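A structural walkthrough
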Amino acid sequence: MKIERFYRIAACLLLSATTFFPAAIRAGNDVSFRDPAVAGTFYPSDPVALEALVDGYLKLAARICVPPKERKEVVMLLAPHAGYEFSGLTAACAFFSLEGADYDTVVLLGCPHKIGVKGAAVFCGKGFRMPWGSVPVDGVLARAVVDASAVITDDPRPHLPEHSLEVELPFLSRVLDGYSIVPVLVSGDRHTLELVAQGIVDALRKSRGGTNGVLFVVSTDLSHYPRKRDAEKGDREMLEAFCTLDAEALVSKDKEIMRRNAEGLLCTMCGLDAAYVGIRIANMIGGEKAYVAHMSTSADAKVPGVSAEKTVGYGAVVVTGRRKPLVSRFDPLKPDEGKYLLDLARRTLEEYLKCGKVVDPDIPAEYAPHLDERRGLFVTLYRQGALRGCIGCHMSSLPLHKAVQLMTLESALHDPRFSPLRSEELDGIRIELSVYLTHVEPISSAGEYVPGTHGIILTNKDRSATFLPQVPIEQGWDRKETLRQLSVKAGLPPDAWKEKDTAFSVYETQIFSER
């Protein structure tokens, strides 16, 4: 299921970045400060006028925006990034929720509108220049994010002409004191976005020991160019999907709305990939509740020449929660917990194949702490000793017991190497669960990989593949042969694992198997 699309929104911004920033583009990655790209167009370039405008929006937001239903710490915001005359009030309703809060670092998540990104690009320069001065980059954390995953780079070029992160800074600077930023632009398929989210969280764990003092801001506008009534309906549905804090629900809702094919609709959310990464981060750091603080469209601004027949939507969402420790290693499951998951997988498979229904399990209270964790998982099916299906995920937004159900059905029905499993085959099926004990961790070279101990992921540009820890043992392969076979599995030449563009990550699992 891919959300990469650079981008249905591409038509919104047509001018090439090299037209405006040729010298900076030629400078490669050595960009100390980023100059403002949209001062004087999206917001006033005069600092006094800008301060007055932002303060006015914040005062109005205090009167009209939706208050939080319960007082918990704000861990994330979703805010628009259009010109202030269109989306300034909606943005203010997001940032007003930070009144009295204290954050020292803000991680900005957006999608590129002019220069493409595969994975993520982090700006690691000294700061963003703005009309009133400079907003510093947290260089230590920014570099840690880049080092956390092979799909994350320090390429500054996509940031130079990009408006989506810049326009959040005037609001942040009116509600926060002494903060620094980590600007991240993201784009990719679901697997890549999962690696980006995990990389950001791993960087926070390693460089800061957690997320205390860190705010995440997802920058996105909503529907582009449908009629006002269609925009309002689709925007509300997308924001409600975001508020479930279920990344798959957000992607499914996007597809559903696009299938309705409302007249003029170009995209439901131009920062969909950033929103996906934001939700996955919220899952990992303790985000619990989300609410919509405000919605509007460009037609609401009453700007001359802007029609209700062709609008852009804007939304403000506040995510609250209780921050939880970031762990690099999970506790092993107890044998009876593993047996319960195997039984659940078996019941799920039988019930679905025979009745078309998914079992709704009642998790024993003593198992809930482990079985509600969000872990990576693979489900492997064997029939008469031969592989019959194997599908999983390196990270999951679902509790472990629900992930077991989903991946069991995926392995049985949607592994492209096999025909869907039939009910008459059930008696000959053996189920094996590989439950992750660790998050995915990058390694500097293939020499650090230990077959039988580590699962391994090979990534080379847009190709990737994985082997579970038990695969080389079952096949009798040494490290070199495992890497050759992994290269072939990724659709690459056997010796591609030796190439400088090839990166590796590893993980560890705990195996539970029937019989």
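Above: the structure in question.
The rules behind each value
Residues numbered from 1 in each chain as written. Predicted model: local features only at pLDDT ≥ 70, side-chain atom pairs only at ≥ 80, totals over all residues. Heavy atoms only, no water. Helix = DSSP H or I, 4+ residues; strand = E, 2+ residues; numbered from the N terminus. Expected span 1.5 Å × (residues − 1). Buried < 20%, exposed > 50% of the residue type's maximum accessible area, 1.4 Å probe, protein only. Contact = heavy atoms within 4.5 Å. Pairing = 2+ DSSP bridges. Polar contact = N/O pair within 3.5 Å; in protein donor to acceptor, adjacent residues only side chain to side chain. Core = buried A, V, L, I, M, F, W, Y, C linked by side-chain atoms within 4.5 Å.

**Section: helix α11 (residues 335-355)**
Given a rise of 1.5 Å per residue, 21 residues ought to cover 30 Å, and the 30 Å separating the end C-alpha atoms of α11 matches this to within 8%. Restricting attention to buried positions, one finds in α11 the residues Glu337, Gly338, Tyr340, Leu341, Leu342, Leu344, Ala345, Arg346, Thr348, Leu349 and Leu353. Contact partners of the buried residues in α11: α12 (368-371), α13 (400-413), β14 (429-436) and β19 (509-513). Downstream of α11 by one or two residues, Gly356 has phi in the positive range, about 75°.

**Some points on the pairing of strand β18 (residues 502-507)**
Extensive coverage of β18 is indicated by the burial of five of its six residues. Sheet topology places strand β15 (residues 441-443) next to β18; three bridges connect them, and they run antiparallel. Considered in β18, the bridge of Glu441 is made with Val506.

**Some points on the environment of Glu168**
Tracing the backbone through its elements, the reader meets Glu168 in the loop between β7 (152-153) and α6 (169-175). Looking at Glu168, the relative accessible area reads 0%, which means it is buried. Put simply, Glu168 and Leu108 are 60 residues apart on the chain and 8.6 Å apart in space, counted from C-alpha to C-alpha. For Glu168, the contacting residues outside a window of four places in its chain are Ala79, Pro80, His81, Phe95, Leu108, Val217 and Ser219. One polar contact links Glu168 to Ser219, side chain to side chain, over a distance of 2.9 Å.

**Describing the nonpolar core**
Membership of the largest hydrophobic core comes to 104 residues, with the highest contact counts inside it found for Leu172, Ile200 and Ile281. The leading source of residues in this core is helix α10 (residues 272-285), at 10 residues. Look past the residues within four positions of Ile200 in its chain and what remains in contact with it is Leu109, Val145, Val184, Phe216, Val277 and Ile281. If you look at the next biggest cluster of nonpolar residues, it comprises 31 residues, including Leu341, Ala345, Val359 and Ile363.

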